[in-house]
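Coordinate analysis (summary)
The lines below spell out each chain.
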Amino acid sequence: MSSSAEKLTPAPQAPPDWTQHTPDSIVSITKSAIERSRALQDTIGARLAEQQTFDNVVEALAQDEAALDIEADHLTFYQYVSPDKTLRDASVEADRLIREFYIESSARKDIYLALQAAERNTDLAALEPEQKRLLEKMLLNARRAGLALPDKKREKLVEIKKKISDATLAFSKNFNEEKGTIAFTRDELEGVPEDVVNGYSKEEGTDKLAVTFKTPDILPVFKYARNADTRRRAYEAFEARLAINTDILAETVRLRREHKNVLGYKTHADYVIEPKMAKTAENVNTFLADLREKLTPVGKAEREKLLKLKNEDGDSDPEFWIHDYRYLDRLFIEKTLDLDDAEVKKYFPVNVVVKVILDLYQDLLQVRFELVPDAKVWHPDVQQFAVWSTSEEKEFLGYMHLDLFPRDNKYSHAAVWGLVPGCTKLDGTRQYPVAAMVANLAKPTPGKPALMPHNDVVTFFHEMGHAFHQLCSKTRYARFHGTHVARDFVEAPSQMLENWCWEPKELKRMSSHYETQQPLPDKLIERIIKSRFVNQGLANLRQLFFASYDMKVHTSEEELDMTALWDQLREEISLVKSSKAVPGQSSFGHISSGYDAGYYGYLYSQVFSADMYETVFSKDPMSPEAGARYRRHILLPGGSRDEMDLLKSFLGREPTSDAFLKKLLGGSAESLQSEGAPAVV
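Residues numbered from 1 in each chain as written. Predicted model: local features only at pLDDT ≥ 70, side-chain atom pairs only at ≥ 80, totals over all residues. Heavy atoms only, no water.

Here we take up the overall build of the chain. Each helix and strand in the chain was counted, giving 27 helices and 10 strands. The C-alpha atoms of the chain give 25 Å as radius of gyration, which agrees with the globular expectation for 681 residues (26 Å, within 12%). Expressed along its principal axes, the backbone C-alpha trace of the chain runs to roughly 80 × 60 × 60 Å. Across the 681 residues in the chain, those meeting the buried criterion constitute 58%. Across the chain, every contact between residues at least 6 apart in sequence was considered, and the portion connecting residues at least 24 apart equals 74%. Where the 90 positive side-chain charges of the chain centre and where its 106 negative ones centre are 1 Å apart. (Helix = DSSP H or I, 4+ residues; strand = E, 2+ residues; numbered from the N terminus. Rg over C-alpha atoms; globule rule 2.2 N^0.38 Å. Buried < 20%, exposed > 50% of the residue type's maximum accessible area, 1.4 Å probe, protein only. Contact = heavy atoms within 4.5 Å. Lys, Arg positive; Asp, Glu negative; His and termini not counted. Charge placed at Lys NZ, Arg CZ, Asp CG, Glu CD.)

What follows is the structure in structure tokens.
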């Protein structure tokens, strides 16, 4: 990785300038891009049917779609990261304008008729595969938008979609701008690591410390606070931190039900899942039910061990509360494996880990990072990189940003944004992609650098996988670029890459004790690897609960008490009790932001990620040949080919669930298969 002191290689595309925008320019650029796009659609819609061709309809719409993405769509990103409220508000307004325009465009019958005419007038056999897929997807999306319906029904759909858009924007704005705290005395925080406690701010006018709900602040309370009442209060406050979203989410679900009724789908979940790998809600529910049947006995056995440990720790309460889970899980690992998270994170200083992980990706995927000096970014913490391929063609790949530390009014989890898609422009030149990884890693405290728990290392590696899906993809059309794949496949590449964080050689390479600069000792590495599958029954049941809740609210035909359902399903599936009903669903961001009826994908895609790793990488994780194969068959095509075809070309065969079951439940794949595998379509 090049340092800022080294000369930047001239790139065919200038780095993005994130300091040039004002609130007015964000809105005006967005409006201008929308007007240009609307004018093009008017031109297409006004043509006679016999004049419609692939080039002047399908290609023109694809180029216009890319132009809108390139000019305006990235402006909606400011709402997640900008410290300037006026920019955030303008970004939300730009997001609203773009969403409304997409809804308007999706309701244009004249464009649907133009697409149908272009299909009739085109020699389909002469199209390249990606062109043919583009036409098929455009026609499918038009039908799914209700353009085959009578006018009154289409008008009703537009009205519903606009209401859904407004509701999800409001949910997201509340989520991004949440800045609540809960106050504790130092005594109440007994057990929480001293370096964490020293990082808390004083609660004004009291002798208490204010704990924010950002992960680096609140998670140590869940894991380390010895006082059960402290953990209970922390959990209840954390789960209720976005209670303002409760009614918004309920209304969103109601509107989605109304939307699917107009379109004639059985459930909203069936509508959402139709174009994905799983195809139907019934297939997803079968998959989840099969997994639950296999995981519940494992989870119950783990729960009994944790309850026994709870008693040994001096707490005679026989219930397994949600606020006990992370504390007892951590204690169990410490006692059974002699593994202390606080000790482990001393080997993962942020300034070392980030660089080494980038180096690992450089070696694996044959790429090179160059830090852009004096980059014009949205916050001083942000780093901007130019990314180049080091393989034979030595081509420029695009730009990546790292925004890693928490601050007020910033997106509070870890995620990657594809800010600008890659594509081939009408003149044959390339538009190169731009991506950003946003995280909330711990900041330095007096006397200690910023340190990462091992689970944060895994998360960072996972999210970087999404960034490279953006950077290493090379498609003709923007709509197929990078992570624009089926939502129940999109996590598979990054889930596969998590395995590198559990390999001895790679753990040795990415670790460096912040005081001694020594890597993790072999015995500690061995214990970390053993901890990977400790209490995985309960961990996967937790994921299963989120997926099941998502499916339940999006398949039900009746109004639900969504808070009561949240607590009921969590107790039934996750095997943990809540001390009182709190609206945890109000902070379930996935269900509002595009993963509705899609959370199952995190479990579903593990079938593919486990198979990919076991088949191609397990013998030599850093094999350049395997990395090139992965880049060529999985990353490069993006969504330009069917996901099952990508898997078959990468694996050399049809995917199976053998590796997934072995990883999930232990034992030989053969014996597990004889019990019946989870259904994967």
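Picking up where we left off.
Turning next to the pattern of salt bridges. A pair can form between side chains of opposite charge whenever their charged atoms are brought close. Scanning the model with the defined rule gives 52 salt bridges in all. Beyond isolated ion pairs, a larger network of salt bridges with shared partners links Lys85, Arg88, Asp89, Lys173 and Glu177. (Salt bridge = Lys/Arg side-chain N within 4 Å of Asp/Glu carboxyl O.)

Of note, the phi angle at Gln366 is positive, near 60°, even though the residue is not glycine. Along the chain, the position of Gln366 falls in the loop between α16 (350–365) and β4 (367–371). Of note, Ala597 is a non-glycine position whose phi angle comes to about 50°, a positive value. Locating Ala597 in the fold gives a position in the loop between α22 (562–574) and α23 (601–617). Owing to a relative accessible area of 0%, Ala597 belongs among the buried residues under this scheme.

Here we take up the sheet that holds strand β5 (residues 383–389). Strands sit in the order β4-β5-β6-β10-β7 across an open sheet of five strands; the sheet is mixed. Looking along the sheet, the strands with just one partner apiece sit at the ends: β4 and β7 (415–420). Direction aside, the axes of adjacent strands within the sheet are offset by 25° on average. Across the sheet, α16 touches β4, β5 and β6 (396–403), and the angle it forms with β4 is around 145°. (Pairing = 2+ DSSP bridges. Axes fitted to C-alpha atoms, helices over the stretch in contact; angles between N-to-C directions.)

Okay, the sheet that holds strand β3 (residues 209–212) next. Spatial strand order, β1-β3-β2: three strands in an open sheet with antiparallel pairing. Taken across any chain shown, the strands that pair with only one partner, and hence form the sheet edges, are β1 (181–184) and β2 (201–202). Note: β2 against β3, two bridges, orientation antiparallel. Across the sheet, Ser201 pairs through a bridge with Ala210, a residue of β3.

Right, let's talk about the packing of aromatic side chains for a bit. This model, assessed by the stated rule, comprises 41 aromatic pairs. When the ring of Tyr80 is compared with that of Tyr411, the centres are 6.2 Å apart and the planes differ by 80°; the resulting orientation is edge-to-face. Of this pair, Tyr80 sits in helix α3 (residues 78–81) while Tyr411 sits in the loop between β6 and β7; the two residues are 331 residues apart in sequence, bridging distant segments of the chain. Each member of the pair, Tyr80 as well as Tyr411, carries the same accessibility label: buried. An aromatic cluster is present here, built from Trp18, Phe77, Tyr78, Tyr80, Phe175, Trp378, Tyr411 and Trp417 joined pairwise through their rings. When the ring centre of Tyr327 is taken as origin, the NZ or CZ atom of Arg231, which lies over that ring, is 4.0 Å away. Here the basic side chain of Arg629 rests over the ring of Phe650, its NZ or CZ set 5.4 Å away from the ring centre. (Phe/Tyr/Trp six-rings, centres within 6.5 Å; stacked < 30°, edge-to-face > 60°. Lys NZ or Arg CZ within 6 Å of the ring centre and 35° of its normal.)

Moving on: the state of the cysteines. Across all of its chains, the model carries zero disulfides by this definition. No disulfide involves Cys423; its nearest neighbouring cysteine sulfur is the one of Cys472, lying 17 Å away. Look at Cys472 and you get buried, because its relative accessible area is 3%. (Disulfide = S-S within 2.5 Å.)

The subject of this paragraph is the packing of helix α21 (residues 536–553) against α22. Where α21 contacts α22, the axes come no closer than 9 Å and their chain directions differ by 145°. Our pair here, α21 against α22, has a crossing hand that is right-handed. Facing Leu538, Leu541, Arg542, Leu544, Phe545, Phe546, Ser548, Tyr549, Lys552 and Val553 of α21, the residues of α22 in contact are Met562, Leu565, Trp566, Leu569, Arg570, Ile573 and Ser574. Considering only residue class, the contact of α21 with α22 consists of 12 nonpolar, two polar and three charged. (Left-handed = near helix turned anticlockwise from the far one by under 90°. Nonpolar A, V, L, I, M, F, W, Y, C, P; charged D, E, K, R; others polar.)

Grouped together as the largest cluster of nonpolar side chains are 193 residues, with contacts concentrated most on Phe77, Met400, Met464, Tyr549 and Phe617. Counting residues in each nonpolar core, the second largest holds 21 residues, with Val58, Ala62, Ala114 and Leu115 among its members. (Core = buried A, V, L, I, M, F, W, Y, C linked by side-chain atoms within 4.5 Å.)

Note on placement: Asp488 falls in the loop between α17 (454–471) and α18 (492–497). It turns out Asp488 is buried and unbridged, and the closest side chain with the opposite charge, Lys276, is 6.1 Å from it. Polar side-chain contacts of Asp488 include one of 3.1 Å to the backbone nitrogen of Met277. Setting aside residues no more than four positions away along its own chain, Asp488 makes contact with Lys276, Met277, Ala278, Tyr600, Gly601, Tyr604, Ser605 and Phe608. (Polar contact = N/O pair within 3.5 Å; in protein donor to acceptor, adjacent residues only side chain to side chain.)

Another point: the pairing of strand β10 (residues 434–438). With five of its five residues buried, β10 lies for the most part within the structure. Of the two faces of β10, the one carrying Val434, Ala436 and Val438 and the one carrying Ala435 and Met437 are both buried. Here β6 runs beside β10; their pairing, made up of five bridges, is parallel. The partner of Tyr399 across the bridge, within β10, is Val434. In terms of strand pairing, β7 meets β10 through five bridges, oriented antiparallel. The residue bridging Val416 from the neighbouring strand is Met437, located in β10.

A few words now on the confidence of the model for the chain. Should pLDDT be low for a region, the predicted coordinates there are not to be read in detail. Averaged over every residue, the pLDDT of the chain is 94; residues scoring 70 or more account for 97%. Segment residues 667–681: pLDDT under 50, and 34 contacts once partners within four positions in sequence are set aside and those in other chains are kept. (pLDDT = per-residue confidence, 0-100.)

Once that is clear, we can look at the side chain of Arg144. If you trace the backbone, Arg144 turns up in helix α6 (residues 129–144). Look at Arg144 and you get buried, because its relative accessible area is 10%. Here Arg144 is in contact with Leu263, Tyr265, Tyr271, Val272, Glu274 and Pro275, once residues within four sequence places are set aside.

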